[in-house]
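Okay, here's what each chain looks like letter by letter:
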Amino acid sequence: MNIAISGASGKTGFRIAEEAVKKGLKVRQIIRKNSVVGAGLENIETIRVSLDNKKELDKSLENIDTLVIATGARASLDLTGPAKVDALGVYRQLQSCKRVGVKRVILVSSLCTGKLFHPLNLFGLILIWKKIGENYIRNSSLDWTIIRPGGLKESEDIKLERIEYSKEDTQIKGSIPRRLVAKCCIDSLNNKESINKIIEVTSSPDNKKISFKKAMQMI
Ligand SMILES: NC(=O)c1ccc[n+]([C@@H]2O[C@H](COP(=O)([O-])OP(=O)(O)OC[C@H]3O[C@@H](n4cnc5c(N)ncnc54)[C@H](OP(=O)(O)O)[C@@H]3O)[C@@H](O)[C@H]2O)c1
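These figures come from a predicted structure and were not determined experimentally.

## Section: the overall build of the chain
- Helices and strands together make up the secondary structure of the chain, namely six helices and ten strands.
- On C-alpha atoms alone, the chain measures out to a radius of gyration of 16 Å, which is about the 17 Å that the 2.2 N^0.38 rule sets for 219 residues.
- With the principal axes as the frame, the chain shows a C-alpha extent of 45 × 40 × 35 Å.
- Split into buried and exposed, the 219 residues of the chain put 50% on the buried side.
- Taken as a whole, the chain presents about 11,000 Å² of accessible surface, with 53% of it coming from carbon and sulfur.
- If the 38 positive side-chain charges of the chain are averaged to one point and the 24 negative ones to another, these points end up 2 Å apart.

## Quick look at the environment of S60
- Looking at the secondary structure, you find S60 in helix α2 (residues 54-60).
- A relative accessible area of 0% means that S60 is categorised as buried.
- Separated by 84 residues in sequence, S60 and W144 have C-alpha atoms that sit 19 Å apart.
- Dropping the residues within four chain positions of it, S60 is found in contact with R28, I30, I47 and V49.
- Among the polar contacts listed, one links the side chain of S60 to the backbone oxygen of L57, at a separation of 2.7 Å.

## Quick notes on the packing of aromatic side chains
- Enumeration over the complete set of coordinates arrives at two aromatic pairs.
- Ring geometry for Y91 versus Y136: centroids 4.8 Å apart, planes at 55°, classification tilted. Placement of the pair is Y91 in helix α3 (residues 81-100) and Y136 in helix α4 (residues 126-138), with a sequence separation of 45 residues.
- Exposure remark for Y136: the relative accessible area of 33% places this residue in the partly exposed category.

## Let's talk about the site of the ligand
- In the vicinity of the ligand, 23 residues are found, and the nearest of them are S9, T12, S35, R74 and R178.
- Within the side chain of S9, an N or O atom sits 2.7 Å from an oxygen atom of the ligand.
- Within the contact set of the ligand, an oxygen atom lies 2.8 Å away from a side-chain nitrogen or oxygen of K130.
- Expressed as a share of its isolated accessible area of 920 Å², the protein-covered part of the ligand is 82%.
- Counting only elements with at least two residues in the shell around the ligand, the list comes to α3 and β7 (151-153).

## Quick word on the packing of α3 against α4
- Close contact between α3 and α4 brings their axes to 8 Å; oriented N to C, the two are set at 5°. Here α3 is positioned roughly parallel relative to α4, judged by the angle of their axes. Judged by residue contacts, P82, A83, D86, A87, V90, Y91 and L94 of α3 engage I126, W129, K130, I132, G133, Y136 and I137 from α4.

## Focus on the sheet that holds strand β4 (residues 66-69)
- If you trace the eight strands from one edge of the open sheet to the other, you get β3-β2-β1-β4-β5-β6-β10-β8, paired in mixed fashion. Two strands lie at the open edges of the sheet, namely β3 (45-48) and β8 (162-166), each paired on one side alone. Averaged over all pairs of adjacent strands, the angle between strand axes in this sheet comes to 20°, irrespective of strand direction.
- Strands β1 (2-6), β2 (26-31), β4 and β5 (104-108) of the sheet are contacted by helix α1 (residues 13-22), whose axis makes an angle of about 165° with β1.

## Section: the pattern of salt bridges
- Per the counting criterion, the structure on display carries 17 salt bridges.
- The partner of E45 in a salt bridge is R28, with the nearest N and O atoms 3.1 Å apart. Pair noted here: E45 is in strand β3 and R28 is in strand β2, with a separation of 17 residues, a long-range link.
- By relative accessible area, which is 36% here, E45 ends up partly exposed.
- You can call R28 buried: its relative accessible area is 9%.

## Some words on the environment of Y136
- Expressed as a C-alpha distance, the spacing of Y136 and K22, which sit 114 residues apart in the sequence, is 30 Å.
- With residues near it in sequence (within four places) discarded, Y136 still touches A87, Y91 and L94.

## Let's talk about the state of the cysteines
- Tallying each qualifying case throughout the model produces zero disulfides.
- With no disulfide of its own, C97 lies 14 Å from the sulfur of C185, the closest cysteine sulfur.
- Between C185, a cysteine without a disulfide, and C184, which holds the nearest cysteine sulfur, the sulfur-to-sulfur distance is 6.9 Å.

Scoring rules and cut-offs
Residue positions within a chain follow its written sequence, with the count starting from 1. Under the rules for a predicted model, residues below a pLDDT of 70 receive no local features and side-chain atom pairs below 80 are neither given nor counted, while totals for whole chains, interfaces and linings still include all residues. Side-chain figures throughout are based on the complete set of non-hydrogen atoms in the structure, without hydrogens or water. Each helix is a run of H or I in the DSSP string that is no shorter than four residues. Each strand is a run of E no shorter than two, and both are numbered from the N terminus. This radius of gyration counts C-alpha atoms alone. The globule rule is 2.2 Å times how many residues there are, raised to the power 0.38. Relative accessible area decides the class of each residue, using a 1.4 Å probe on protein chains only: under 20% of the type maximum gives buried, over 50% gives exposed, and in between gives partly exposed. Per-residue and other accessible areas were derived by the Shrake-Rupley procedure at a 1.4 Å probe size, with only the shown protein chains allowed to occlude residues. Neither His nor the chain ends is counted toward charge; the positive residues are Lys and Arg and the negative residues Asp and Glu. The atoms used to mark charge sites are NZ of Lys, CZ of Arg, CG of Asp and CD of Glu. Throughout, a residue-residue contact means that at least one pair of heavy atoms, one from each residue, lies within 4.5 Å. Polar contacts, as counted here, are pairs of nitrogen or oxygen atoms within 3.5 Å of one another; within protein the pair requires one atom able to donate a hydrogen and one able to accept it, and residues that are adjacent in sequence qualify only if both atoms are side-chain atoms. Stacked, tilted and edge-to-face are the three classes applied to pairs of Phe, Tyr and Trp rings, where Trp contributes its six-membered ring and a pair requires centres within 6.5 Å; stacked means planes under 30 degrees apart, edge-to-face means over 60, and tilted covers the rest. In these notes, residues near a molecule or strand are those with any non-hydrogen atom within 4 Å of it. Axis angles are defined between N-to-C directions and span 0 to 180 degrees, where every axis is a line fitted to C-alpha atoms and, for a helix, only to the segment in contact. Angles below 35 degrees are treated as roughly parallel, those above 145 as roughly antiparallel, those between 65 and 115 as roughly perpendicular, and all remaining angles as oblique. Strand pairing is defined by DSSP finding a minimum of two bridges between the two strands. Salt-bridge detection follows one rule: a side-chain nitrogen of Lys or Arg within 4 Å of a carboxyl oxygen of Asp or Glu. When two cysteine sulfur atoms are found within 2.5 Å, that pair is recorded as a disulfide.

Here you go:
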């Protein structure tokens, strides 16, 4: 399977790329012109694009079976970032998928997407724009999965962490290491029951251990 990861220079994106490589998938990183490639991933196929350049985007998705979208506006003083990246950027990637025939798409979104009264919205109403991005995917004809993580953690200490999986709009707090989010993306690639589902994920050592497969049967 050929998989492309957009936003592969990000803290979740590079872990998704790493997990995909570990599974033996053929990986293509799609990043910006000035993005810094993750350490250790210098040798995998890398295409640099601007999300608002149709031609570049289409070329970057040629011969790809699945796109994982891990782009997200980086916190900055530019409050238009979330509209540009989390809504319009997602829309453009989906349009490109349709033009070139990519059938499967997985989006890393966020818990609380769509909520108006939330402190995260101080950054350009990000949760509203993320919901709009999600809706583009839900209304597309593609096989989609939306992963909504809680607060993202850099910790790689995941041995004791157990994921709580739930359906949309059921969790409002909690956190999860980015490594586990990356693994969820790869798990959902390999599990047809995750198609057309929104999956909310947080983790804690206090949760009961459950496989991704079992969780998908319950959501
Ligand atoms: N932080 C949290 O606690 C949290 C919680 C839940 C969900 N999320 C969401 O989870 C996702 C991953 O988060 P993260 O913290 O791992 O991300 P991150 O490290 O901030 O990485 C963001 C990625 O998006 C790319 N990007 C940003 N603006 C872009 C643009 N205009 N055009 C193309 N690419 C662009 C970045 O490229 P460059 O490397 O070139 O900047 C980078 O690859 C994001 O959507 C985030 O909103 C975050």
